[in-house]
Amino acid sequence: SALMRFLSKKRLIVCNTIVFRYIIEDIADLNVPVMWWIHEALGFHFCNFKSYKIRHNKNLHVYGVGELVQLMYKEKFLDNNIKSLLFMVDDNKSLKISSGEKDKKTFAIIGGIYEGKGQDVFVDAIRLLPGEYQVKCNFYIIGKPVNEKYYDLIKKESQEIPELEILGELSHKQLEEKYRDIDVVVCASRNESMSMVVVEALQNKKCCIVSKAAGISRFIEEKKNGLLLENIDAQILANKMMWVIDN
């Protein structure tokens with residue numbers, strides 16, 4: 001094909017994400033070094049395919065964004081030839097600001113609004129907070145709707161909580177400014193290979209409550225540099241939020 005003729009003239013080919021699985025073997029047959037950098041872990045919808053033995057020749061070099069991606073690759077492609085390659089962030093772009101002492105604590109969940117990110121768990125946890133805790137806080141849902149039906153449900157349930165505001169999608173610059181108001185970032189993901197959001201939140205000196213279903217959780221030590229959600233459970237999250245408010 002014209003694509004393969006074009007690629008065959010290159011010195012290095014970089015393929016990004018799991019979607020390249022449909023043609024990665026053909027690309028690797030071009031006798032050009034291929035770097036395949038995979039981001040997705042088990043549970044992500046693009047990974048819902050039957051396992052098969054990939055044809056892994058000497059030209060193919062596979063990397064995954066953390067341990068969860070490596071586990072997915074080994075299970076789905078019946079191949080152990082994958083190494084870890086995370087990502088970098090620019091320290092100079094971090095505001096590194098603390099929100100300081102305020103009358104209210106502000107909790108935020110940031111990311112595309114769909115079931116995988118767990119905004120429903122966040123909303124349910126807020127509703128489980130005793131009234132005297134709710135009034136001590138503000139809550140933000142920040143992100144672009146990905147699943148409209150799910151977003152409509154979150155929007156409807158959010159209307160019952162006066163302290164909760166859906167801000168929608170923010171540019172990176174707008175989010176950096178919003179960090180001035182945020183005290184705590186919640187990652188309630190049901191499945192996430194790492195979490196750029198948590199990394200940037202930590203850069204900005206924010207307390208993070210992190211799901212163990214996110215790869216970034218392996219860098220979090222309980223009550224030292226954050227808190228861990230052992231299970232995706234609204235009551236557990238509510239308890240962690242109350243601990244943050246009290247401490």
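In case you missed it, the structure is sitting above this.
Residues numbered from 1 in each chain as written. Predicted model: local features only at pLDDT ≥ 70, side-chain atom pairs only at ≥ 80, totals over all residues. Heavy atoms only, no water.

A. Structural view of the side chain of Gln119. Its place among the elements puts Gln119 in helix α4 (residues 119-128). On the basis of relative accessible area, Gln119 is assigned to the buried category, the value being 0%. Setting aside residues up to four positions removed in sequence, Gln119 forms contacts with Ile109, Gly111, Gly112, Ile113, Tyr114, Ile141, Tyr150 and Ile154. (Helix = DSSP H or I, 4+ residues; strand = E, 2+ residues; numbered from the N terminus. Buried < 20%, exposed > 50% of the residue type's maximum accessible area, 1.4 Å probe, protein only. Contact = heavy atoms within 4.5 Å.)

B. Local environment of unusual backbone geometry. Of note in this structure, Lys205 is not a glycine but carries a positive phi near 60 degrees. Relative to the helices and strands, Lys205 is located in the loop between α8 (196-203) and β9 (207-211). Positive phi values are uncommon outside glycine, yet Lys223 reaches one of about 65 degrees. Relative to the helices and strands, Lys223 is located in the loop between β9 and β10 (227-229). Lys223 sits in the partly exposed class, given a relative accessible area of 49%.

C. Examining the sheet that holds strand β6 (residues 137-142) more closely. In space, the six strands of this open sheet follow the order β7-β6-β5-β8-β9-β10, with parallel pairing throughout. The outermost strands of the open sheet, each flanked by one partner alone, are β7 (164-168) and β10. Across the sheet, the mean angle separating the axes of adjacent strands is 20 degrees when strand polarity is ignored. Pairing geometry for strand β5 (residues 105-110) and strand β8 (residues 184-187), over three bridges, is parallel. Residue Phe107 lies in a different strand from β8, and its bridge partner there is Val184. The strands that helix α6 (residues 148-158) touches are β6 and β7; relative to β7, the one it contacts most, it runs at about 145 degrees. (Pairing = 2+ DSSP bridges. Axes fitted to C-alpha atoms, helices over the stretch in contact; angles between N-to-C directions.)

D. Summary view of the nonpolar core. Grouped together as the largest cluster of nonpolar side chains are 42 residues, with contacts concentrated most on Trp36, Ile38, Leu60, Tyr73, Phe77 and Val210. Sort the elements by how many residues they give to this core and helix α3 (residues 67-77) lands first, with four residues. In this structure, Leu60 is in contact with Ile24, Ala28, Val34, Trp36 and Ile54, ignoring residues within four places of it in sequence. Among the nonpolar cores identified, the runner-up in size contains 31 residues, and Phe107, Phe139, Met242 and Val244 belong to it. (Core = buried A, V, L, I, M, F, W, Y, C linked by side-chain atoms within 4.5 Å.)

E. Layout of the sheet that holds strand β1 (residues 13-16). As summarised here, the arrangement of the four strands in space is β1-β2-β3-β4, forming an open sheet in which the pairing is parallel. Edge positions in the sheet fall to β1 and β4 (83-84), since each of these pairs with one other strand and no more. Across five bridges, the pairing between strand β2 (residues 34-38) and strand β3 (residues 60-64) is parallel. Following the sheet pairing, Val34 is matched in β3 by Leu60.

F. View of the packing of aromatic side chains. Under the counting rule described, the total for this entry stands at nine aromatic pairs. Between Phe44 and Phe46, the aromatic rings sit 5.7 Å apart at their centres with planes inclined by 50 degrees, giving tilted as the arrangement. Classification of Phe46 by relative accessible area gives partly exposed; the value is 40%. Ring centres 6.3 Å apart and planes at 75 degrees place the aromatic pair Phe122 and Phe139 in the edge-to-face group. Remark: Phe139 occurs in strand β6 and Phe122 occurs in helix α4; sequence separation between them is 17 residues. Grouping residues by exposure puts Phe122 and Phe139 together as buried. By way of ring pairs, the aromatic residues Trp36, Phe49, Tyr52, Tyr73 and Phe77 are connected into one cluster. (Phe/Tyr/Trp six-rings, centres within 6.5 Å; stacked < 30°, edge-to-face > 60°.)

That is the geometry; function is a separate question.
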